[in-house]
Amino acid sequence: MTTATPGTTREPPARTDAAAAAGSSPPAARPSLPSLTGLRWMAAVLVFGLHVNNFGYFGGTAGHIVTWAFGAGATGVSFFFVLSGFVLTWSARPGDRAPAFWRRRIARIYPVHLATLVVAFLLAFTPAHLPKPTAGQALANALLLHSWWQPWWQTLDPVSWSLACEAFFYAAFPLLLLLLRRLGARGATVLGVLSVLAVLALAWADAHHWTGESLYSFPAARLPEFVLGAVTARLVLLGRWRGPGPEASLALAIIGYFLVPQVTPGYPATVCTLTGFTLLIPAAALADLKGLPSLWRHRRLVRLGELSFAYYMIHLLVLRAGTMLLGTKPHFGVAAGLAVTAVAFAVSLGLSWVLYEAVERPARRLLLRRRRPGARPAPQREPVPLSREAPAARD
């Protein structure tokens, strides 16, 4: 990119892979990356499998197999954090302003968060003996601040702790993007290396309890993963990414995933999968840009990826509601365990479709609809360039 934008320096003349493939300058709207949407679904499935394991649907040998397969499923959240940084940086446009970016992010995540928050609140007052939230906990959850204080990080809809982290990332993104555009390729690489070192240092501190409490859900501790995703997107945009292809990247991600049981539970697991995830995301993106074969680009997988956010937000509430019928940790045999898991999966998927079609999409359209022709936005000085979502690589 060679066009200077307000508040940034001119960048070295480097063409993106997308522009090179088209044989022209970068388009106004960058190409969509459907493989990343498909990958989102796979990460959501890992989290679902983790929670099925935690709820003890399977007993005996089947339980051991489920633990082996999904015991590391929490790393799917780390994948979401890296992917979020990549997608927002990839889809950033010159001239966009920070308030407009934040408005779009609110429209993207808050309607579903609010809907599932209401469901979680109602569940808390059923006979399921779930913890009753205090007024402070409910307010902190509604404002996506609950992950900043360890005792509250899993109140109401427990998976929403990651949204509190994302809210912090969104707040920091304008400055991060401005920094990346000033640094160029070499500086961005240094920032990526520093992010990896930060994860290693935080994992060491968490494993040795130097901080006094777990860093797993602490938003500031998860920021390096988001930054790393933004760095890789920046290098792809500059045509300077030199990572391995999708097959090798996927192999590294799988190896890292199955190394997780060998480290201290919690934040240190991030170290195992960080390399594989960081390599897999740009590899899948480049496969889309170059028209290479990609398993993750399958039409149905992309459709499931579009539902993945709603699915992620509702599935644990479905599992919690199921305890009223199944009890806690029922440890079924193989046949019964598979049947119950299939029902929970189907109900979660059906409700995620309802949330997507009846809440997420219409609420986003309502919140983002254009102003009346006569209304003019107030002038702002030194706009910060930010992102608009790529059509099929939503974060």
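Residues numbered from 1 in each chain as written. Predicted model: local features only at pLDDT ≥ 70, side-chain atom pairs only at ≥ 80, totals over all residues. Heavy atoms only, no water.

1. Let's talk about the overall build of the chain
Okay, so step 1: Scanning the chain from terminus to terminus reveals twelve helices and two strands.
Okay, so step 2: Mapped in sequence order, the helices and strands of the chain form the string α-α-α-α-β-α-α-α-α-α-α-α-α-β.
Okay, so step 3: A sequence separation of at least 24 residues applies to 83% of the contacts in the chain between residues at least 6 apart.
Okay, so step 4: With an accessible surface of roughly 18,200 Å², the chain has 67% of that area assigned to carbon and sulfur atoms. (Helix = DSSP H or I, 4+ residues; strand = E, 2+ residues; numbered from the N terminus. Contact = heavy atoms within 4.5 Å. Areas by Shrake-Rupley, 256 points an atom, 1.4 Å probe, with all protein chains shown as cover.)

2. Observations concerning helix α2 (residues 34-54)
Okay, so step 1: Along its 21 residues, α2 runs 31 Å from first to last C-alpha, staying within 8% of the 30 Å computed at 1.5 Å per residue.
Okay, so step 2: In terms of residue burial, α2 counts as a mostly covered element, since 17 of its 21 residues are buried.
Okay, so step 3: Glycine 56 occupies a position one or two residues after α2 and carries a positive phi of about 65°. (Expected span 1.5 Å × (residues − 1). Buried < 20%, exposed > 50% of the residue type's maximum accessible area, 1.4 Å probe, protein only.)

3. Focus on the packing of aromatic side chains
Okay, so step 1: Tallying each qualifying case throughout the model produces 24 aromatic pairs.
Okay, so step 2: Note on phenylalanine 121 and phenylalanine 125: the rings are 5.1 Å apart at their centroids and 50° apart in plane angle, and the pair reads as tilted.
Okay, so step 3: Between the aromatic rings of tryptophan 204 and tryptophan 210, the centroid separation amounts to 6.4 Å while the plane-to-plane angle is 75°, which identifies the pairing as edge-to-face.
Okay, so step 4: Using a relative accessible area of 58% as the deciding quantity, one classes tryptophan 210 as exposed.
Okay, so step 5: Through a chain of ring-to-ring contacts, three or more aromatic side chains come together here, namely Phe81, Phe101, Trp148, Trp153, Trp161, Phe168, Phe169, Tyr170, Phe173, Tyr216, Phe218 and Phe226.
Okay, so step 6: Lying across the ring of tyrosine 170, arginine 105 places its NZ or CZ 4.8 Å from the centre.
Okay, so step 7: Positioned above the aromatic ring of tyrosine 216 is the side chain of arginine 222, whose terminal nitrogen or guanidinium carbon lies 5.0 Å from the ring centre. (Phe/Tyr/Trp six-rings, centres within 6.5 Å; stacked < 30°, edge-to-face > 60°. Lys NZ or Arg CZ within 6 Å of the ring centre and 35° of its normal.)

4. Thoughts on the layout of surface pockets
Okay, so step 1: Of the pockets and cavities examined, the second largest pocket occupies roughly 650 Å³.
Okay, so step 2: Along its surface, the second largest pocket is lined by 28 residues, and Leu50, His51, Asn54, Ala74 and Tyr216 are the ones closest to its centre.
Okay, so step 3: Breaking the lining of the second largest pocket down by element, the ones donating at least two residues are α2, α4 (75-90) and α11 (299-326).
Okay, so step 4: Taken together, the residues of the lining of the second largest pocket sort by class into 18 nonpolar, eight polar and two charged. (1 Å grid on protein atoms, 1.4 Å probe; cavity = no way out; pocket = protein on both sides within 12 Å on 5 of 7 lines; lining within 4 Å. Points joined across faces, edges and corners; volume = space filled by probe spheres on them. Nonpolar A, V, L, I, M, F, W, Y, C, P; charged D, E, K, R; others polar.)

5. Remarks on empty space enclosed by the protein
Okay, so step 1: Taken as a whole, this structure holds five cavities of 30 Å³ or more when the rule is applied.
Okay, so step 2: Volume-wise, the largest cavity comes out at about 180 Å³.
Okay, so step 3: As for the largest cavity, its lining consists of 15 residues, and the residues nearest its centre are Arg40, Phe80, Leu163, Glu166 and Phe309.
Okay, so step 4: Looking at the lining of the largest cavity, the elements with two or more residues in it are α4, α5 (98-124), α7 (161-207) and α11.
Okay, so step 5: When its residues are assigned to classes, the lining of the largest cavity shows eight nonpolar, three polar and four charged.

6. Concerning helix α9 (residues 246-259)
Okay, so step 1: Between the first and last C-alpha of α9 there are 20 Å, a value that for 14 residues agrees with the 20 Å anticipated at 1.5 Å per step.
Okay, so step 2: Of the residues making up α9, those classed as buried are Ser249, Ala253, Gly256 and Tyr257. For α9, the arc enclosing every buried residue in end-on projection is 105°, short of the 170-degree limit, so these residues lie on one face. In α9, the exposed residues that point more than 90 degrees away from the buried face are Glu247 and Ile255.
Okay, so step 3: Lining the buried residues of α9 we find α2, α3 (60-70), α4 and α10 (269-290). (Arc of directions from axis to C-beta.)

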